[in-house]
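Summary of the model geometry
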Amino acid sequence: MQKTIRLKAAAVSLPLLFLPALASAADFDGGSLSPLWGVPFAGILLSIALFPLLAPAFWHHHYGKISAAWALAFLLPFAAAFGVQLAGVQLVHALVAEYIPFIILLTALFTVAGGIHIRGNLHGAPGLNTAILAIGAVLASFMGTTGASMLLIRPLIRANDNRVHKVHVIVFFIFIVSNAGGALTPLGDPPLFLGFLKGVGFFWTAQNILPETLFILGVLLALFYAIDRHYYRKEGVMPVDPTPDTPGIGFDGAANFWLLGGVVALVLLSGFWKSPVAFDVFGTEVGLPGLVRDVGLALIALVSYKLTAPKVHADNQFEWEPMAEVAKLFAGIFLTIIPVIAMLKAGTQGPFGAIVSAVTRADGQPDPAMYFWATGVLSSFLDNAPTYLVFFNTAGGDPAALMTTYASTLAAISAGAVFMGANTYIGNAPNLMVKAIAESRGVRMPSFFGYMAWSVAILVPLFVICTFIFFR
């Protein structure tokens with residue numbers, strides 16, 4: 001018999017913000033909303049895109065305030081229109097069920113990976129750079145795109161600090177390691193983990209989108225090698241390497257590898273462990289497995305930070321600013337996205353009914369190609385985890401049927417959510433983290449639209465080809 005502890009508002013509201021889970025709160029009808037409720041979400045996206053370009057100094061000092069302002073631009077009118085209680089329920093759900101677990105996992109991976117220093121001076125020639133990206137692609141499916149990105153981005157930047165042109169190295173790193181590489185297991189990317197929690201088999205994605213993943217990664221790695229070789233031959237390297245040569249390559253802070261294994265174990269545990277114990281927090285169910293996972297992840301992050309020698313952090317140029325930027329921006333995104341996701345969940349009867357209708361063929365059967373593009377395009381600008389769930393439910397929501405009869409549809413949803421998170425900086429959290437770390441090391445990364453120019457030129461044609469080969 002399920003044990004449910006109902007905790008009421010005022011006396012416990014603050015502590016409850018630190019009891020995360022991946023459960024659902026009571027939904028509200030998005031079908032009755034006006035598309036104007038999406039303006040705050042559009043506003044925060046435009047702010048991320050334009051402020052760093054038009055007012056970089058102002059953005060650097062005030063991006064947290066801008067994110068908070070857009071969140072309030074949604075919450076206050078919503079509370080006035082639908083009542084403080086419903087607004088509070090949605091706020092708690094967004095924080096407790098989605099944002100806090102998301103940030104705890106990212107913080108744990110960021111801290112643990114930041115405590116591992118790959119000692120030695122690698123030289124960023126085309127062959128070595130391609131090998132690092134390939135290794136990162138493999139690691140991403142086993143330690144998550146965030147873990148693999150945080151582990152390898154610093155040594156990759158250091159290896160190329162004597163290169164004249166290196167922006168393309170970071171851009172392809174985001175394409176390959178921070179996104180496409182995480183497509184093969186639920187550990188790789190949050191949408192696949194949510195599918196795992198819904199009942200999709202742990203090895204299902206590896207068995208069903210392996211050809212698509214190998215195709216995308218193979219083409220990207222070959223294209224990267226050609227581009228990197230061109231720049232290497234054209235420009236060469238600087239006369240003096242900022243990083244001195246060392247006798248060999250080694251690891252400092254290697255104990256963090258064990259902590260990284262603990263992160264993976266806790267994530268797996270929360271998916272396999274089914275417990276009847278749950279807490280009801282203003283309509284959001286907090287399950288014991290999720291609670292144990294997130295408390296464990298927070299402890300691992302703390303242990304890693306305390307145990308890692310200061311010299312390792314110094315050698316890694318470890319700092320909290322990239323994590324703080326992601327935390328502040330995604331807080332606004334997770335709140336302003338609430339009405340957008342609700343309108344999508346309303347299906348054909350909602351304001352975005354045309355999008356939902358577009359994924360169904362005239363005979364009523366799902367269209368895998370349209371699911372691939374609808375999930376992917378929305379995942380480029382929305383958080384890809386809830387977008388995955390929206391189309392998972394649109395396709396019927398029955399994992400048994402989706403893994404068999406409609407396997408091509410689930411494969412399209414999975415591939416779209418993971419692959420197309422690379423289309424923009426906000427498509428997947430590691431994208432922004434990698435950008436922030438690269439900029440802190442002096443790499444002049446493209447603007448929001450400058451990065452999209454890369455993705456439109458390289459990724460979109462690749463996704464079109466992928467559609468005709470795999471999702472027709």
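For the structure, check the block above.
The following refers to the structure shown. Model, not experiment: these values are computed from the prediction. (Residues numbered from 1 in each chain as written. Predicted model: local features only at pLDDT ≥ 70, side-chain atom pairs only at ≥ 80, totals over all residues. Heavy atoms only, no water.)

**Here's the deal with the overall build of the protein chain**
From N to C terminus, the protein chain includes 20 helices and five strands. What you see for the protein chain is a C-alpha radius of gyration of 22 Å, in line with the 23 Å of a compact globule of 472 residues. Dimensions of the protein chain, computed from C-alpha atoms along their principal axes, come out at roughly 65 × 55 × 45 Å. Counting over 472 residues, the protein chain shows a buried share of 55%. Counting only contacts in the protein chain whose residues sit at least 6 apart along the sequence, the fraction spanning at least 24 positions is 82%. Just so you have it, the protein chain exposes about 19200 Å², and 69% of that area is on carbon and sulfur atoms. Put simply, the protein chain has 24 plus and 23 minus side-chain charges, and the middle of one group is 4 Å from the middle of the other. (Helix = DSSP H or I, 4+ residues; strand = E, 2+ residues; numbered from the N terminus. Rg over C-alpha atoms; globule rule 2.2 N^0.38 Å. Buried < 20%, exposed > 50% of the residue type's maximum accessible area, 1.4 Å probe, protein only. Contact = heavy atoms within 4.5 Å. Areas by Shrake-Rupley, 256 points an atom, 1.4 Å probe, with all protein chains shown as cover. Lys, Arg positive; Asp, Glu negative; His and termini not counted. Charge placed at Lys NZ, Arg CZ, Asp CG, Glu CD.)

**What to know about a nonpolar patch on the surface**
A surface patch of nonpolar side chains, about 490 Å² in accessible area, is lined by L46, L50, L53, L54 and F449. With respect to the helices, strands and loops of the structure, F449 is situated in helix α20 (residues 448–470). (Patch = residues over 30% accessible without salt bridge, like charges linked within 9 Å, V, L, I, M, F, W, Y side chains within 5 Å. Salt bridge = Lys/Arg side-chain N within 4 Å of Asp/Glu carboxyl O.)

**Observations concerning the environment of A395**
Within the element layout of this structure, A395 appears in the loop between α16 (384–394) and α17 (399–403). Assessed through its relative accessible area of 16%, A395 is described here as buried. The sequence separation of A395 and F196 amounts to 199 residues, and the corresponding C-alpha distance is 16 Å. The contact partners of A395, leaving out residues within four places of it in the chain, are Y371, L402, T409 and I413.

**Let's talk about the nonpolar core**
One broad trend across soluble globular proteins is that nonpolar side chains are buried collectively. Membership of the largest hydrophobic core comes to 119 residues, with the highest contact counts inside it found for L133, F175, I176, L220, F330, Y388 and F419. The element best represented in this core is helix α5 (residues 126–159), accounting for twelve residues. The residues touching F330, leaving out its near neighbours within four places in the chain, are Y99, F102, I426, A429 and L432. Judged by nonpolar contacts, the second largest core, of 14 residues, contains F28, W37, A87 and A342. (Core = buried A, V, L, I, M, F, W, Y, C linked by side-chain atoms within 4.5 Å.)

**Quick notes on the packing of aromatic side chains**
Summed over the entire model, instances satisfying the criterion amount to 33 aromatic pairs. With 6.0 Å between their ring centres and 40° between their planes, W59 and Y63 make a pair best called tilted. One end of the pair is W59 and the other is Y63, both in helix α3 (residues 56–82) and four residues apart, which spans about a single turn. Relative to F334, the ring of Y99 has its centre 5.8 Å away and its plane inclined at 70°; by these criteria the two rings are edge-to-face. Within this pair, whereas Y99 is found in helix α4 (residues 84–114), its partner F334 is found in helix α13 (residues 321–345), the two being separated by 235 residues in sequence. Residue Y99 is classed as buried on the basis of its relative accessible area of 13%. Here the aromatic residues F172, F175, F224, Y425 and Y451 are joined through ring pairs into a cluster of three or more. Above the face of the Y425 ring, K435 is positioned so that its terminal group lies 5.3 Å from the ring centre. (Phe/Tyr/Trp six-rings, centres within 6.5 Å; stacked < 30°, edge-to-face > 60°. Lys NZ or Arg CZ within 6 Å of the ring centre and 35° of its normal.)

**With respect to the side chain of H117**
Of note, H117 is situated in strand β2 (residues 117–119). Judged by relative accessible area, H117 falls into the buried class, the value being 6%. For H117, the contacting residues outside a window of four places in its chain are R158, G250, F251, D252, V312, D315 and N316.

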